[in-house]
Amino acid sequence: MTELSLADPNAPSLAGGNDGGPPAGPPNGRACRRSAPRTIAALPPARHVTNLAATAPDTILHDVFGYSAFRGAQAEIVDHVIDGGDALVLMPTGGGKSLCYQVPAIARHRAERGVAVVVSPLIALMHDQVGALEEAGVH
């Protein structure tokens, strides 16, 4: 297994400042806290899948998650994402959003068709809310 350092000094900075100028700040003007450098392990390459049923969304839904059928628009969303499409999924709490990215991620990984990138605002939103409360004097 290969280890990748998230603190590579030669990697471009997402916060700016590599060109000698000041680091770019967040749009709201508040200071950003940098995390301590971490090391993660890279996953080994996926094995070639000879059983195409193992990549079928219904099979993954049943074998991995234990559900017999998708609900609502889940099947349509899952098929769209497996085919390489992007999706912005808005559903109520408990509506099954997680399956809409987990099933395609598993299917694409098993078929050696790439990785899934999931952008979730929850942690950033919570961080912003806590920061705003702290600035308002709530501790």
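In this text the structure is predicted, and so the values were computed from the model without any measurement.

1. Description of the overall build of the protein
Each helix and strand in the protein was counted, giving 4 helices and 2 strands. Traced from its N-terminal end to its C-terminal end, the protein shows the element sequence β-β-α-α-α-α. Within the protein, contacts between residues separated by at least 24 positions form 59% of all contacts whose residues are at least 6 apart in sequence.

2. Some thoughts on the nonpolar core
Ile 60, Leu 61, Phe 70, Val 78, Ile 82, Leu 99, Val 103 and Ala 107 together form the largest nonpolar core, which totals 8 residues. With 3 residues, helix 3 (residues 97-110) is the single largest residue contributor to this core. Here Ala 107 is in contact with Thr 55, Ile 60 and Ile 82, once residues within four sequence places are set aside.

3. Re helix 1 (residues 57-65)
An α-helical segment advances 3.6 residues per turn. Residues three or four places apart therefore align on the same side. Among the residues of helix 1, Pro 57, Ile 60 and Leu 61 are the ones counted as buried. Take helix 1 and look down its axis: the buried residues cluster within an arc of 100°, on one side only. Exposed side chains of helix 1 directed beyond 90 degrees from the buried face belong to Asp 58 and Asp 63. Turning to helix 1, the residues buried within the fold contact helix 2 (74-82) and helix 3. Backbone geometry just after helix 1 places Gly 66 at a positive phi near 80°.

4. Considering helix 3
For helix 3, which comprises 14 residues, the first-to-last C-alpha distance of 21 Å matches the rise-based estimate of 20 Å (1.5 Å per residue) to within 8%. Among all positions of helix 3, only Leu 99, Cys 100, Val 103, Pro 104, Ala 107 and Arg 108 are buried. Around the axis of helix 3, the buried residues are gathered within 145° of arc, so they sit on the same side. The inward-facing, buried residues of helix 3 abut helix 1 and helix 2. Note on helix 3: the residue one or two positions beyond its end, Glu 112, has a positive phi of about 55°.

5. A few points about the layout of surface pockets
Its boundaries defined by the atoms lining it, the second largest pocket holds a volume of some 830 Å³. Around the second largest pocket sit 26 residues that line it, and Ala 87, Val 89, Tyr 101, Val 118 and Val 119 are the ones nearest its centre. For the lining of the second largest pocket, the element with the highest residue contribution is helix 3, accounting for 7 residues. Taken together, the residues of the lining of the second largest pocket sort by class into 16 nonpolar, 7 polar and 3 charged.

6. Considering the packing of helix 1 against helix 3
Two numbers describe how helix 1 lies on helix 3: the axes approach to 10 Å, and their chain directions differ by 105°. In terms of orientation, helix 1 and helix 3 fall into the roughly perpendicular class. Contacts between helix 1 and helix 3 involve Pro 57, Ile 60, Leu 61, Val 64 and Phe 65 from the former and Leu 99, Gln 102, Val 103, Ile 106, Ala 107 and Arg 110 from the latter. Here the contact of helix 1 with helix 3 is built from residues that sort into 9 nonpolar, 1 polar and 1 charged.

7. Things to note about a negative patch on the surface
A surface patch of like charges, here negative, comprises Asp 58, Glu 76, Asp 79 and Asp 83. Secondary-structure assignment places Asp 58 in helix 1. Look at Asp 58 and you get exposed, because its relative accessible area is 51%.

Conventions used here
Residues numbered from 1 in each chain as written. Predicted model: local features only at pLDDT ≥ 70, side-chain atom pairs only at ≥ 80, totals over all residues. Heavy atoms only, no water. Helix = DSSP H or I, 4+ residues; strand = E, 2+ residues; numbered from the N terminus. Contact = heavy atoms within 4.5 Å. Core = buried A, V, L, I, M, F, W, Y, C linked by side-chain atoms within 4.5 Å. Buried < 20%, exposed > 50% of the residue type's maximum accessible area, 1.4 Å probe, protein only. Arc of directions from axis to C-beta. Expected span 1.5 Å × (residues − 1). 1 Å grid on protein atoms, 1.4 Å probe; cavity = no way out; pocket = protein on both sides within 12 Å on 5 of 7 lines; lining within 4 Å. Points joined across faces, edges and corners; volume = space filled by probe spheres on them. Nonpolar A, V, L, I, M, F, W, Y, C, P; charged D, E, K, R; others polar. Axes fitted to C-alpha atoms, helices over the stretch in contact; angles between N-to-C directions. Parallel < 35°, antiparallel > 145°, perpendicular 65-115°, else oblique. Patch = residues over 30% accessible without salt bridge, like charges linked within 9 Å, V, L, I, M, F, W, Y side chains within 5 Å. Areas by Shrake-Rupley, 256 points an atom, 1.4 Å probe, with all protein chains shown as cover. Salt bridge = Lys/Arg side-chain N within 4 Å of Asp/Glu carboxyl O. Lys, Arg positive; Asp, Glu negative; His and termini not counted. Charge placed at Lys NZ, Arg CZ, Asp CG, Glu CD.

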